[in-house]
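# Structure assessment
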Amino acid sequence: MTNFKLRGVLAAVAGTLVLGMATSATADATFDLVDALVKKGVLTEEEALPLLQGRENDIKVADKKVKKGRVAISDAIDNATAYGDIRVRSEFRKGGVALANSESEEERTRGRYKITFGVKTESGDFYSDLAFAMGAGGRSDNATFGSSNGANNKEALLVKRAMVGWNVNNWLSVEAGRLTNPLYTTEMVWDKDLTLEGLVEKVNYTYNKWEFFGNFAQSQYKGDYKNYNNVSGGADAFTNNLLAFQAGVKYPFTDMITGKAAVTYTTFTGAKASGTGGAVGTPFVPGLKGATAFSSTAVNDLRTIEIPAEIEFKTAGFLSYKVFGDFVYNTASDDRYAKAVANATAGATRNAISAAGNDDTAWLLGVGVKSAQAKDVKQGDWEARVWWQDVGVYALDQNAVDSDFMDSRINMKGIVLKAQYSLRDNVALNFAAGSATRKNSALATVGTASDMGASSSTALDLNKYQLYQLDLTYRF
């Protein structure tokens, strides 16, 4: 009998005896004491079982209840938990077009839905997470009502996460596979739907009141390395890796005030400017406002330092308040800017991009308020956040920024509001709204996989942008 099963048996036996009034208060106290000693490691399971002599029948009954409540996979799995959610959404987007000789707008109203289903398991100091979701694109798990005659089609569930983790000790965990992004960050930098593929190390260590944490990621970003050694007809293909190194701390200044901050350095390796399947291809060039559509997936010369931080103020009741922010500086932006100028297609474009300057920072600042009855979400809980963000065209990876705000684009600035109300413990109503404009008036609002203008032959180059979303989410 594993510790997990023994603890469940002890809890179930104690509950049965209390409800049935089958034993005295002293007997109940004995079960509680034995349970506590096993949890704290004072007693082993062999030492604990003799203390329960005379309760064999109760143990057998409780053991059946424990097994009935578990997800049975194999004898090697200590615990398995199924989880997921279904979300339905009503959405409205509006973009102001800025082409060379015209001004117009595009509006898009649509219903959407999202399904996530997963299973987490534990086996000793190893664990796993396998999850499926819709949406082949990395930054969206949504399907759109009526898309491609949707009434007669079925959506596919795709692999969202597939990872194995190992709790090496009480302060270090290692994970491998397709993983949830481990970084403490904001939506300005990383879309929440994105995952990493590779290896992650997580460090958590507490000293007095200081909670230190570290997250280190080695993720294959793009490419499958091939070296043809100049064989005729073959071109080398290069693998591009994303490396992230984060160190942070959380500290309670008082019982009511807590601060948290981190420093993250992110870089890309294996960047090449030639070769089929190359990680970079033609270096990043932002393009000009009102010019023919331009987008680039290139991640050359991105070596960023990010500093996310927050401070939370609690009250004696359910309310708490938070001030949060994020700042990013691309230390290699001079090279990114210089290559953008050098690789512009025409002299006039080259001169205009050069004159537009090197915008190498991104920042976000916001406030939030939350009403929470407990650590887990309860019916009646609510929260709201509002923030302003300002993203320079050479500051961030345009492939990773949030797909909703600001339409998967950089060179934009604007305000975002998000609010949530819990109708039930597992049912939430969400509202989000945002409004943005172009930051650098000379350059395009560069994006990859943007929603606005995606159906036209030229991508929508936004002067202004608005988004409204209303969601209903059911978690299970």
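Description of the structure in this document. (Residues numbered from 1 in each chain as written. Predicted model: local features only at pLDDT ≥ 70, side-chain atom pairs only at ≥ 80, totals over all residues. Heavy atoms only, no water.)

## Here's the deal with the overall build of the protein chain
Convention followed: Numbering of helices and strands runs from the N terminus, with a helix taken as a DSSP run of H or I at least four residues long and a strand as a DSSP run of E at least two residues long. Think of it in three bands: residues with accessible area under 20% of the maximum for their type are buried, residues over 50% are exposed, and the middle band is partly exposed, with areas taken using a 1.4 Å probe on protein chains only. When checking whether two residues touch, look at their non-hydrogen atoms; a contact exists if any pair is within 4.5 Å. Here the accessible surface of atoms and residues is derived via Shrake-Rupley with a 1.4 Å probe, and residues count as covered only by protein chains that are part of the display.
A count of helical and extended segments in the protein chain gives 6 helices and 17 strands. The proportion of buried residues among the 476 residues of the protein chain is 41%. A separation threshold of at least 6 residues defines the contact pool for the protein chain, and within that pool the share at least 24 residues apart is 67%. With the model as given, the accessible surface of the protein chain reaches about 24200 Å², and the carbon-plus-sulfur share is 56%.

## Observations concerning empty space enclosed by the protein
Quick note on the threshold: Every definition here rests on a 1 Å grid over the protein atoms only: cavities are sets of points where a 1.4 Å probe fits but cannot get out, pockets are open sets enclosed by protein on both sides within 12 Å along at least five of seven lines, and lining residues have some atom within 4 Å of a point. Grid points are joined across faces, edges and corners, and a volume is the space filled by probe spheres set on the points.
For the structure shown, the criterion picks out 1 cavity of 30 Å³ or more. A volume near 150 Å³ is recorded for the largest cavity. Taken together, Val189, Trp190, Leu242, Thr264, Thr266, Phe268, Leu302, Thr304, Glu306, Leu396, Asp397 and Ala400 make up the full set of residues lining the largest cavity. Elements that contribute at least two residues to the lining of the largest cavity include exactly β10 (257-269) and β11 (304-314). Element by element, the count of residues in the lining of the largest cavity is highest for β10, at 3 residues.

## Quick word on the pattern of salt bridges
The cut-off we apply is this: The working definition used for a salt bridge is a side-chain nitrogen of Lys or Arg within 4 Å of a carboxyl oxygen of Asp or Glu.
For the coordinates displayed, the defined rule picks out 26 salt bridges. Between Arg108 and Asp451 there is a salt bridge, with the nearest N and O atoms lying 3.7 Å from each other. In this pair, Arg108 sits in strand β2 (residues 102-123) while Asp451 sits in the loop between β16 (427-438) and β17 (462-475), placing the two residues 343 residues apart along the sequence. In this structure, Lys439 and Asp359 form a salt bridge, with 2.9 Å as the shortest nitrogen-oxygen distance. Here the residue Lys439 occupies a position in the loop between β16 and β17, and Asp359 occupies one in the loop between α6 (347-356) and β13 (361-371), the gap between them amounting to 80 residues. A relative accessible area of 23% means that Lys439 is categorised as partly exposed. By relative accessible area, Asp359 is classed as buried at 15%. Salt bridges linked by common partners bring Arg89, Glu91, Arg93, Arg108, Arg110, Asp404, Asp407, Arg409, Asp451 and Asp471 together as one network.

## Details of helix α5 (residues 333-342)
Threshold: What the arc covers is the set of directions going from the helix axis to the C-beta atoms.
Three or more residues of α5 are buried, namely Ser333, Arg336, Tyr337, Ala340 and Val341. All buried residues of α5 lie within an arc of 130° about the axis, which places them on one face of the element. Of the residues in α5, the exposed ones pointing more than 90 degrees away from the buried face are Asp334 and Ala342. Buried residues belonging to α5 abut β12 (319-330) and α6.

## Things to note about the environment of Thr437
Relative to the helices and strands, Thr437 resides in strand β16. Judged by relative accessible area, which is 34%, Thr437 ranks as partly exposed. Once the C-alpha coordinates of Thr437 and Met406 are considered, the two residues, 31 residues apart in sequence, prove to be 9.2 Å apart. Once residues within four sequence positions are removed from consideration, Thr437 is found in contact with Asn411, Met412, Lys413, Asn463 and Lys464.

## Some words on the packing of α5 against α6
Applicable threshold: Here, axes are lines fitted to C-alpha atoms. For helices the fit covers the stretch in contact, and angles between N-to-C directions go from 0 to 180 degrees. In what follows, roughly perpendicular refers to angles from 65 to 115 degrees, roughly parallel to angles under 35, roughly antiparallel to angles over 145, and oblique to any angle outside these ranges. Note on residue categories: nonpolar means Ala, Val, Leu, Ile, Met, Phe, Trp, Tyr, Cys or Pro, charged means Asp, Glu, Lys or Arg, and polar means any other residue, Gly included.
Relative to each other, α5 and α6 sit at 160°, their axes nearing to 8 Å. In terms of axis orientation, α5 runs roughly antiparallel to α6. Where α5 approaches α6, its residues Tyr337, Ala340, Val341 and Ala342 are matched on the opposing element by Arg350, Ile353 and Ser354. A breakdown of the residues in the contact of α5 with α6 according to their chemical character gives 5 nonpolar, 1 polar and 1 charged.

## Quick notes on the packing of aromatic side chains
The criterion, for reference: Only Phe, Tyr and Trp rings are paired, with Trp represented by its six-membered ring, and only when their centres lie within 6.5 Å; those with planes under 30 degrees apart are stacked, over 60 edge-to-face, the remainder tilted. Any Lys NZ or Arg CZ that is within 6 Å of a ring centre and within 35 degrees of that ring's normal is treated as a charge sitting over the ring.
All chains considered together, the criterion is met by 12 aromatic pairs. Ring geometry for Phe324 and Trp387: centres 6.3 Å apart, planes at 70°, overall edge-to-face. With Phe324 in strand β12 and Trp387 in strand β14 (residues 382-391), this residue pair connects regions lying 63 residues apart in the sequence. In this structure Phe324 comes out as buried when scored by relative accessible area, which is 10%. Exposure remark for Trp387: the relative accessible area of 4% places this residue in the buried category. An aromatic cluster of at least three residues, connected via ring pairs, comprises Trp210, Phe212, Tyr251 and Phe253. In this structure, Lys260 is placed above the aromatic ring of Phe213, and the distance from its NZ or CZ to the ring centre is 5.4 Å. The lysine or arginine in question, Arg336, covers the ring of Phe284, its NZ or CZ lying 4.1 Å from the ring centre.

## Section: the pairing of β10
What counts here: For two strands to count as paired, DSSP must find a minimum of two bridges between them.
Two strands pair when backbone bridges link them, and strand β9 (residues 240-252) and β10 are joined in this way by 12 bridges, in the antiparallel orientation. Across the sheet, Pro252 pairs through a bridge with Thr258, a residue of β10. Bridge analysis of β10 against β11 gives 8 bridges, and the strand direction is antiparallel. When the sheet's bridge partners are listed, Lys260 is paired in β11 with Glu310.

## Regarding the side chain of Lys418
Short version of the rule: Side-chain atoms alone can form a polar contact between residues adjacent in sequence; in general such a contact is a pair of N or O atoms within 3.5 Å, and within protein one must be able to donate a hydrogen while the other accepts it.
Residue placement: Lys418 occurs in strand β15 (residues 412-424). Side chain to side chain, Lys418 and Glu187 meet in a polar contact 2.6 Å long. Apart from the residues lying within four places of it in its own chain, the contact partners of Lys418 are Glu187, Glu383, Ala384, Arg385, Trp387, Phe405, Phe431 and Ala432.

## A word on the environment of Leu242
Relative to the assigned elements, Leu242 resides in strand β9. On the basis of relative accessibility, which here comes to 2%, the residue Leu242 falls in the buried class. Separated by 26 residues in sequence, Leu242 and Phe268 have C-alpha atoms that sit 4.6 Å apart. Once residues within four sequence positions are removed from consideration, Leu242 is found in contact with Trp190, Ala217, Gln218, Ser219, Tyr221, Thr266, Thr267 and Phe268.

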